[in-house]
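Coordinate inspection notes
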There are 2 protein chains.
Amino acid sequence: MQTVFKSYKKDFEHSYSFGAFPTIELIKSKPEKVIKVFASTSYREEGREELENLCRKNNVELEINDKVISRLSPKESCLVIGAFKKYECELQKNVPHVALQNPSNMGNLGTIMRTMLGFGVHDLAIIGGGADILDPKVIRASMGAIFRIRFSHFDTIEQYAEIFTSHELYPFMLDGELSLSDMPPRSDKPFTLIFGNEATGLDEHYKQIGKSVVIKHSGEIDSLNLSIAAGIALYEFTKKR
Amino acid sequence: MQTVFKSYKKDFEHSYSFGAFPTIELIKSKPEKVIKVFASTSYREEGREELENLCRKNNVELEINDKVISRLSPKESCLVIGAFKKYECELQKNVPHVALQNPSNMGNLGTIMRTMLGFGVHDLAIIGGGADILDPKVIRASMGAIFRIRFSHFDTIEQYAEIFTSHELYPFMLDGELSLSDMPPRSDKPFTLIFGNEATGLDEHYKQIGKSVVIKHSGEIDSLNLSIAAGIALYEFTKKR
């Protein structure tokens, strides 16, 4: 069946990467998911040839089509768009994970995936729902990092914990028991860093499922931005390994 | 002279805080700069009385005016707006600073100020220019933290360094000499953490003005997001003090 390329909606079975950089990441990491790549006639930089070669090598169709580009482009127009089939991944066992409970901000979600990649963490569990992880805004904020991350959805943290039994779970909470900057040495078990929703944080019951951690901050702010907290935790946990 | 309240432009001598939370921060921290506070007739939560009391106590004029609110509101409408005279601060000596060279993203700028406040750093030097620090978008991203931060502009880092002679300067660079996670103990001197523009980073010559630092990350990303890098650095430097 022919896919019709319209402005993205959550219930679509496909999504888009906007811009040359994320689209190149898409083709490199998930070539089997690409439906088609569109480029504008004005995309004539050096990158054009690289893109053509990459598409040819990965058996991906490249179409020069200004109409589709201008119809799909977000406000800031872009010269390259990748259309791809949505997918879900299976998380790897015995490697570190990040888990996010109902993340609501697409920018944060993308930034966290980019930071995970920076610290060598490739597996992301989404607990309970939240923002549409394959929304083009998330892809953009991740700068294409999303295509190198394995992500999977779980209804509850208990459901997640039943599968990843070897993981030590670290829920990050404003009243966590352990201070991140002063943590005792960890075991060799893989870790899962768990963060709550931007506005509501994690429920009390998360304290029962692991060792709760606090990133101490002054009383002058209510909390750190979610992506900042995740960045600091990823830095500290991967440093100590 | 009567100030006319129109949609914000960079050359205005006044700016706006959108939303109750940042406006309350404005009134508490910079009452002498407030021109007027506007509230919508639909702002009838508990907060309304708190806002009225706060305005009275600080001798700030509060006006219920739906027209002004709907004219000034950004896309997501808000119920409270503070109009204030723009200002510049003087940085304090002998306390830790952050310096940003030409920051271009308003969201990052606001998030960095909020994170600074979280780690007890109150002084921000802007080197060379960059985004308009009092743009309402920055204020919003800072969640009002900007009103508790001292910020000041400098043409060059050399001009800055001539004034703050007791500071140890730490430019953050992708090829920095020292690794953040493995730094030798520091002296008791106040520090300045310096970060470059989102796209271009810091010039080579920054290596001469201080001890360059790298936050090591995998080769899978080009660089960490600016606000993430600043958050990690603030966490690590204030932890070690």
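Keep in mind it's a predicted model, so treat the numbers as computed, not measured.

1. As for the overall build of chain A
Assigned secondary structure in chain A consists of 8 helices and 11 strands. Rg of the C-alpha trace for chain A: 20 Å, near the compact-globule value of 18 Å for 241 residues, within the 12% margin. Burial analysis of chain A (241 residues in total) assigns 55% to the buried set. Considering only contacts in chain A between residues 6 or more positions apart, those separated by 24 or more positions represent 79%. Accessible surface, chain A as shown: approximately 11200 Å² in total, 48% of it carbon and sulfur. Side-chain charges in chain A split into 30 positive and 32 negative, and the spacing between the mean points of these groups amounts to 5 Å.

2. Some thoughts on the UniProt feature "domain: tRNA/rRNA methyltransferase SpoU type" (unreviewed entry) in chain A
Per the UniProt record, the feature "domain: tRNA/rRNA methyltransferase SpoU type" (unreviewed entry) sits at residues 97-235 of chain A. Along residues 97-235 of chain A, the helical share is 29% and the strand share 20%, with 13 Å between the first and last C-alpha atoms.

3. Comments concerning the pattern of salt bridges
Enumeration over the complete set of coordinates arrives at 22 salt bridges over all chains. For Asp123 of chain B, the salt bridge identified is with Arg150 of chain B, shortest N-O distance 2.7 Å. A residue pair is termed long-range when its members are at least 10 positions apart, and Asp123 of chain B in strand β6 (residues 123-127) and Arg150 of chain B in strand β7 (residues 150-154) qualify at 27 residues. By relative accessible area, Asp123 of chain B is classed as buried at 1%. Among the residues examined, Arg150 of chain B registers a relative accessible area of 28% and is labelled partly exposed. Between Lys207 of chain B and Glu204 of chain B there is a salt bridge, and its shortest N-O distance comes to 3.6 Å. A network of salt bridges, in which partner residues are shared, links Glu236 and Lys239 of chain A together with Glu236 and Lys239 of chain B.

4. Here we look at the nonpolar core
Residues Leu124, Phe172 and Phe195 of chain A together with Leu124, Phe172 and Phe195 of chain B are the most contacted members of the largest nonpolar core, which totals 112 residues. Ignoring any residue separated from it by four or fewer positions in sequence, one finds Phe195 of chain B in contact with Val98, Ala99, Leu100, Gln101, Phe172, Leu202, Leu226, Ala229, Ala230 and Ala233 of chain B.

5. Some details on the interface of chain B and chain A
Taken together, the 29 residues of chain B in the interface contact 29 residues of chain A. Of the roughly 2400 Å² buried where chain B meets chain A, counting both sides, 57% is carbon and sulfur surface. It is Arg114, Glu220 and Tyr235 of chain B that lose the most area in chain B upon contact with chain A, and together they represent 25% of the buried surface on that side. The tally of links from chain B across to chain A stands at 4 salt bridges. Across the pair Arg148 of chain A and Glu220 of chain B runs a salt bridge, and its minimum N-O distance is 3.6 Å. At the junction of chain B with chain A, the criterion picks out 14 residue pairs in polar contact (both at pLDDT 80 or more). The set of elements that each furnish at least two residues to the side of chain B that touches chain A consists of α4 (106-118) and α8 (226-239) of chain B. Ranked by residue count, the leading element in the side of chain B that touches chain A is α8 of chain B, at 7 residues. Across the side of chain B that touches chain A, the residue classes break down as 10 nonpolar, 11 polar and 8 charged.

6. Focus on the domain arrangement of chain A
Residues and elements named next belong to chain A. As far as domains go, chain A holds domain 1 (14-85) and domain 2 (97-239). Spacing between the C-alpha centres of domain 1 and domain 2 amounts to 31 Å. Taken residue by residue, the interface counts 13 residues in domain 1 and 9 residues in domain 2. At the junction of domain 1 with domain 2, the criterion picks out 1 salt bridge. For Glu25, the salt bridge goes to Arg148, with nearest N and O atoms at 2.5 Å. For the pair domain 1 and domain 2, the interface holds 3 residue pairs in polar contact (both at pLDDT 80 or more). Of all the elements in the fold, those that place two or more residues in the side of domain 1 that touches domain 2 are β1 (14-18) and α1 (20-29). At 5 residues, the largest contribution of residues to the side of domain 1 that touches domain 2 is made by α1. Looking at the side of domain 1 that touches domain 2, its residues break down into 7 nonpolar, 3 polar and 3 charged.

7. Here we look at the pairing of strand β8 (residues 168-171) of chain B
All names here are of chain B. Side chains Glu168 and Tyr170 project from β8 onto one buried face, and the interleaved Leu169 and Pro171 project onto a second face that is buried too. With 4 bridges joining them, β8 and strand β10 (residues 191-195) adopt parallel strand pairing. The residue of β10 that forms the bridge with Leu169 is Thr192.

8. Quick look at the relation of the copies chain B and chain A
Overlaying chain B on chain A yields an RMSD of 0.0 Å, the required transformation being a rotation through 180° with an accompanying axial translation of 0.0 Å. What we have between these two chains is a two-fold relation. In this assembly the copies share their binding face: 100% of the residues contributing to the interface of chain B also contribute to that of chain A.

9. Description of helix α8 (residues 226-239) of chain A
Spanning 14 residues, α8 of chain A covers 20 Å between terminal C-alpha atoms, matching the ideal 20 Å at 1.5 Å per step. With respect to burial, α8 of chain A is a largely interior element, 13 of its 14 residues being buried.

What counts and what doesn't
- Residues numbered from 1 in each chain as written.
- Chains lettered and ligands numbered in written order.
- Predicted model: local features only at pLDDT ≥ 70, side-chain atom pairs only at ≥ 80, totals over all residues.
- Heavy atoms only, no water.
- Helix = DSSP H or I, 4+ residues; strand = E, 2+ residues; numbered from the N terminus.
- Rg over C-alpha atoms; globule rule 2.2 N^0.38 Å.
- Buried < 20%, exposed > 50% of the residue type's maximum accessible area, 1.4 Å probe, protein only.
- Contact = heavy atoms within 4.5 Å.
- Areas by Shrake-Rupley, 256 points an atom, 1.4 Å probe, with all protein chains shown as cover.
- Lys, Arg positive; Asp, Glu negative; His and termini not counted.
- Charge placed at Lys NZ, Arg CZ, Asp CG, Glu CD.
- UniProt positions renumbered as here; feature names shortened; annotations may be inferred.
- Salt bridge = Lys/Arg side-chain N within 4 Å of Asp/Glu carboxyl O.
- Core = buried A, V, L, I, M, F, W, Y, C linked by side-chain atoms within 4.5 Å.
- Buried area = accessible area lost by both parts, 1.4 Å probe.
- Polar contact = N/O pair within 3.5 Å; in protein donor to acceptor, adjacent residues only side chain to side chain.
- Nonpolar A, V, L, I, M, F, W, Y, C, P; charged D, E, K, R; others polar.
- Domains from an automatic or database assignment.
- Pairing = 2+ DSSP bridges.
- Least-squares fit on C-alpha atoms with pLDDT ≥ 70 in both.
- Expected span 1.5 Å × (residues − 1).

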